[in-house]
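Letter by letter, the chains look like this.
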Amino acid sequence: MASFLSRLGRFSFRRRWLVALLWVVLLVGTGVLAGRAPAAPPNDFSMPGTEAQQAYDLLEERFPELNADGATARVVFRAEDSKVTDPEAKKAVQEVVRELGNNPQVARITDPYTTRSVSKDGSTAYAQVSYKVPSSKLEENSRTALQDTVEQARSQGLTVEVGGNAVSEVAAGGHSSEALGLAVAALVLVITFGSLLAAGLPLLTAVLGVGIGALAIRVLAEPLGLGSTTTGLATMIGLAVGIDYALFVVSRYRAELARGRSREEAAGHAVGTAGSAVVFAGLTVVIALVGLCVVGIPMLTQMGLAAAGTVVIAVLIAGTLIPALLGICGRRIAPSRPRCRGKDKDGLPRPSMGVRWARFVIRRPVAVLLGGVALLGVIAVPAVSLKMGLPGDESKPVSTTQRRAYDLVAEGFGPGFNGPLTVVVQADDGGGSAQAAAQSVAEQIGGRQDVAVVGQPRLSESGDTAVLNVVPATAPPSPETADLVHALRAPALASGSDARVLVAGTTAMNVDVSKKLSDALIPYLALVVGLAFLLLIVVFRSLLVPLKAALGFLLSVLAGLGAVVAVFQWGWLASLFGIAEPGPVMSMMPIFMVGVVFGLAMDYEVFLVTRMREAYVHGQSPSDSVISGFEHSARVVTAAAVIMISVFASFMGSDEQMLKTIGFGLAIAVLFDAFVVRMALVPAVLALLGRSAWHLPRWLDRLVPDLDVEGERLEREPGGPTATGLEAPYDGGPGSVGRGPDCVVETAGSRVGPGSGH
């Protein structure tokens, strides 16, 4: 592996202009194709296999006029000093109803005075708007007309708010968040490399990779049915790993220059060693993202596949375009610069912070291990009380019209009116009348204390299916409402009416999605961790190191989930993070964190531990190899983690609680994994295991292919330092750096100089 990648790196370095041109042609070509490609299809929000989806499919078949999957809006009117039934207020409300009904995409709109959608005290009324098309297909002028009509009504002395999925959504925190993440990444890279040019390469190539990935998604959107939101995760992950992968290759290149290699050999060696780690790190991320297919939710599948594609592009760029650009930059990319830290008490150059930390952990491995596990264990405690759901208007900031409409309905009618359930009753024999069955179901439901209102059944044209609305007595996200959904689906209700009873509605769909995701979590975790475990056995040629990596990942994910529950569900520090209303955690968050964080956690594991194994293979003792790994990789892994945390954390500035949750959850989990698990627990465990950490049973050693990930064979090749690790000083002309007696040459944690151990 290392030899092949080294040859690829040297080829790209020599044919630098050809390689760069090919990537530019690829970018332009995908751009041209994307410009000619049809628009992305609407997002597929279907949930195959759930009862709510079955109910929606049946409604679409038996009641096509209801437009069960169409966009909806609820316009709420509030009269502060009078009543909405007063002549002037009533005229204004009916004018709004008339105006909204003129929109060609509106299927129907209810008049609150004919549907009795007026509160008992006469202060509040609402009109329900149903559209012919789903929210994803709603034209922008229809959304604008809705908002303009509501705004005009406000000027007539009424408080008017509107909620529902037909309301225009502003993608807050979108491009501005990405720009903020890039700004922090640029700052970290400049500090890491001490060079604007060297810092600019990872940013340039990451943006290029994300651009190609996003354009490719646009090109493939129609033939593969990729929804319009699939680029979101692809951009977030592609940007983060693209910067990180390029960072590792560039930093290794500068370190090899400082060891005395020629520029071409340094490029080849950097791609052969750091590039090998990039390939396997990328494979773990791809496995985690592609594994989202097993969940069975089309939207998650699309997001996972699209993001996996951008990761593959990032890996290819790191192995080909990065060495080509290093060749184009020539001597403007200098070797490692000397860092003068003075001398310690023995008169030797003071070691780096990473080395000092590694030595501290090796001296006290048990204390560090127990302390780190205890810390993450305490933070993970809130995860025990995890409650999942999908965020609705109740989770939006009070400054939004959707949240104000939600509150007005809850105050005027009751909390359950914000989340009515749709009950579909179908005769058992598939034919005949469902009238008697529907009446029986309505009577049974109406006698429950947790039900506020039961509507009159409506029969289909065939007479075999009926539908009725049920308004819970409690709010949509409350556990009592979920219990009601389960009760309505109980076999006793259906058997008592001799009919098939299905429950739909937003709340019912949330219950089904949460259960589907919960049921898929363990199989998904087993698949992803199992495949990655086998992959890491090949990388490290060890059983204990991959096992340690998997257990450490579980600790960081559980701690991340605990932090999410404490902040978003319990409300701790809610005001600090701008959380309007604590509530259930987004249903997709646990499985999302497992997939994304696992892939990224294995990145740091591969980059950090491969340097340790490389030192061990080259003859260092187990303890010295741990120190060597930190000496060469701690600083660059820290920089990579800070960049990734910054990219994720920038999405917390969004007004959407879903984006806040994703940004916070991923950022905090990466923080725990990078700085507690990889930087503390990993060296502690390796120090305790000693040589047994790198042991592989003989029977397994014969089966596992030796891919030479650590680049042992490269050290025997001519053109640079030998396998003994002795280095010649670099004197490559312009851009070279001299060494003083108290200085060490390093890049991203690597150091060469007196007392460096080389």
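Definitions and cut-offs
Residues numbered from 1 in each chain as written. Predicted model: local features only at pLDDT ≥ 70, side-chain atom pairs only at ≥ 80, totals over all residues. Heavy atoms only, no water. Helix = DSSP H or I, 4+ residues; strand = E, 2+ residues; numbered from the N terminus. Buried < 20%, exposed > 50% of the residue type's maximum accessible area, 1.4 Å probe, protein only. Areas by Shrake-Rupley, 256 points an atom, 1.4 Å probe, with all protein chains shown as cover. Polar contact = N/O pair within 3.5 Å; in protein donor to acceptor, adjacent residues only side chain to side chain. Contact = heavy atoms within 4.5 Å. Core = buried A, V, L, I, M, F, W, Y, C linked by side-chain atoms within 4.5 Å. Patch = residues over 30% accessible without salt bridge, like charges linked within 9 Å, V, L, I, M, F, W, Y side chains within 5 Å. Salt bridge = Lys/Arg side-chain N within 4 Å of Asp/Glu carboxyl O. Axes fitted to C-alpha atoms, helices over the stretch in contact; angles between N-to-C directions. Left-handed = near helix turned anticlockwise from the far one by under 90°. Nonpolar A, V, L, I, M, F, W, Y, C, P; charged D, E, K, R; others polar. Expected span 1.5 Å × (residues − 1). Pairing = 2+ DSSP bridges.

Draft legend 1. Structural view of the overall build of the protein chain. Each helix and strand counted, the protein chain has 23 helices and 13 strands in total. Looking at the protein chain as a whole, 56% of its 758 residues are labelled buried. By element, 61% of the accessible surface of the protein chain is carried by carbon and sulfur atoms, the whole surface being about 30400 Å².

Draft legend 2. Structural detail: the side chain of T465. Its location among the elements puts T465 in strand β10 (residues 465-472). Classification of T465 as buried rests on a relative accessible area of 0%. At a separation of 3.3 Å, a polar atom in the side chain of T465 contacts the side chain of R62. Sequence-distant contacts of T465, defined by excluding residues within four places in its chain, comprise L58, R62, F63, V424, V425, Q426, A434, R458, L459 and S460.

Draft legend 3. Layout of the side chain of D464. Within the secondary structure, D464 is located in the loop between β9 (458-459) and β10. You can call D464 buried: its relative accessible area is 4%. Within the local environment of D464, its side chain forms a polar contact with the side chain of R62, the two groups lying 3.2 Å apart. In terms of polar contacts, D464 uses its side chain to reach the side chain of T465, at 3.1 Å.

Draft legend 4. Spotlight on the environment of A52. By secondary structure assignment, the location of A52 is in helix α3 (residues 51-62). Between the C-alpha atom of A52 and that of A508, which follows or precedes it by 456 residues, the distance is 6.2 Å. Here A52 is in contact with R489, V503, A504, A508, M509 and D512, once residues within four sequence places are set aside.

Draft legend 5. Geometry of the nonpolar core. Among the nonpolar cores identified, the biggest contains 156 residues, and I237, Y245, Y253, L289, F553, F648 and L666 are the most heavily contacted of them. Residues contacting L666, with those up to four places away along its chain left out, are M236, M589, F592, M593, V596, V597 and F648. In terms of nonpolar packing, the next biggest core, distinct from the first, is built from 27 residues, F77, A79, V129 and L158 among them.

Draft legend 6. Here's a closer look at a nonpolar patch on the surface. Taken together, the side chains of V294, L527, L531 and L534 make up a nonpolar region of the molecular surface, amounting to roughly 330 Å² of accessible area. Here L534 is to be found in helix α17 (residues 506-540). Under the relative-accessibility criterion, L534 is labelled exposed at 53%.

Draft legend 7. Here's a closer look at the packing of helix α2 (residues 16-36) against helix α7 (residues 196-224). Close contact between α2 and α7 brings their axes to 8 Å; oriented N to C, the two are set at 35 degrees. As for the relative orientation of α2 and α7, their crossing is left-handed in sense. Contacts between α2 and α7 involve W23, L26, L27, T30, G31, L33 and A34 from the former and L208, G211, I212, L215, R218 and V219 from the latter. Grouping the amino acids of the contact of α2 with α7 by side-chain chemistry returns nine nonpolar, three polar and one charged.

Draft legend 8. How the structure looks around helix α8 (residues 231-258). Spanning 28 residues, α8 covers 40 Å between terminal C-alpha atoms, matching the ideal 40 Å at 1.5 Å per step. Within α8, 26 of the 28 residues are buried, which leaves it mostly tucked inside the rest of the structure. Just beyond α8, the residue with positive phi is G260, at close to 105 degrees.

Draft legend 9. View of the sheet that holds strand β2 (residues 106-109). One open sheet accounts for four strands, arranged β2-β3-β1-β4; its pairing is antiparallel. At either margin of the open sheet sits one strand with a lone partner, and together these are β2 and β4 (159-163). Averaged over neighbouring strand pairs, the angle between their axes works out to 20 degrees when direction is ignored. In this structure, strand β1 (residues 72-78) lies alongside β4, joined through five bridges in antiparallel fashion. The residue of β4 that forms the bridge with V76 is E161. Contacts from helix α4 (residues 87-101) reach β1, β2 and β3 (124-131) within the one sheet, and its direction differs from that of β2 by about 160 degrees. Contacts from helix α5 (residues 140-154) reach β1, β3 and β4 within the one sheet, and its direction differs from that of β4 by about 160 degrees.

Draft legend 10. Representation of the pattern of salt bridges. One pass over the structure, following the stated rule, counts 20 salt bridges. Between D450 and R448 there is a salt bridge, and its shortest N-O distance comes to 3.0 Å. With its nearest N and O atoms 2.8 Å apart, the salt bridge here joins D519 to K515. Taken together, the residues span about one helical turn, with D519 and K515 both in helix α17 at a distance of four residues. D519 gets classed as partly exposed once you look at its relative accessible area, which sits at 47%.

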